[in-house]
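Listed here are the chains, written in short residue letters.
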Amino acid sequence: MSITVFRGLMNKTADVYSLAEVFDGQGGWTESFVLSMTAKVRVSALSASDRKAAGSEYSEVTHTVYTESVIARGDQLKIGSLWLEVLAIRNPSLESHHYECDCKEIQRETWES
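Reference entry: report on the structure contained in this document.

Analysis parameters
- Residues numbered from 1 in each chain as written.
- Predicted model: local features only at pLDDT ≥ 70, side-chain atom pairs only at ≥ 80, totals over all residues.
- Heavy atoms only, no water.
- Helix = DSSP H or I, 4+ residues; strand = E, 2+ residues; numbered from the N terminus.
- Polar contact = N/O pair within 3.5 Å; in protein donor to acceptor, adjacent residues only side chain to side chain.
- Pairing = 2+ DSSP bridges.
- Axes fitted to C-alpha atoms, helices over the stretch in contact; angles between N-to-C directions.

1. Quick word on the side chain of histidine 98
- With respect to the secondary-structure elements, histidine 98 resides in the loop between β5 (82-90) and β6 (99-105).
- A distance of 3.2 Å separates the side chain of histidine 98 from the side chain of histidine 97, its partner in a polar contact.

Printed below as a string of C-alpha cells:
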C-alpha cells in the first residue's frame with residue numbers, strides 16, 4: 001500500500017493525552033493526563049465476538065488504531081466520545097511510516113470528559 005493511499009485512510013482525529021507532572025496548586029506536583037497533541041488516526045471496528053463479549057461485566061473491548069504519529073504506550077486517546085488506552089505499539093513495516101496501536105476502551109464518568 002502506498003503512503004498516499006494509507007494517509008487517505010486516516011479518517012478520524014484523536015486528541016492524545018500523555019501522563020505528565022503538573023503543578024498541584026499547593027506547592028507540589030502531581031501526575032495527570034494532559035493533552036499533548038492531536039493525531040490523524042483510523043480505528044478498527046470491533047469483531048462480532050468482541051461485541052458479544054462486551055456485554056460481560058469483566059470483558060475488555062479492544063481496537064487497533066493506525067496512525068503516522070508517534071504515540072506512547074500508556075497514552076490515552078479521545079476520538080469523539082470514545083476513550084482508549086494505548087497498550088502496545090507496533091511498527092509493522094519497520095520503516096516508521098505508520099504505527100499500529102493496540103488499545104482498550106476506557107469507561108469514563110461524565111464529569112471526567
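Read on for the rest.
2. Section: the sheet that holds strand β3 (residues 62-67)
- An order of β1-β2-β3-β6-β5-β4 is seen for the six strands of this closed barrel, with the pairing classed as antiparallel. Averaged over all adjacent pairs, the angle separating strand axes in this sheet is 40°, with direction ignored.
- Across six bridges, β5 lies against β6 in antiparallel orientation. Directly across from arginine 90, in β6, lies its bridge partner glutamate 100.

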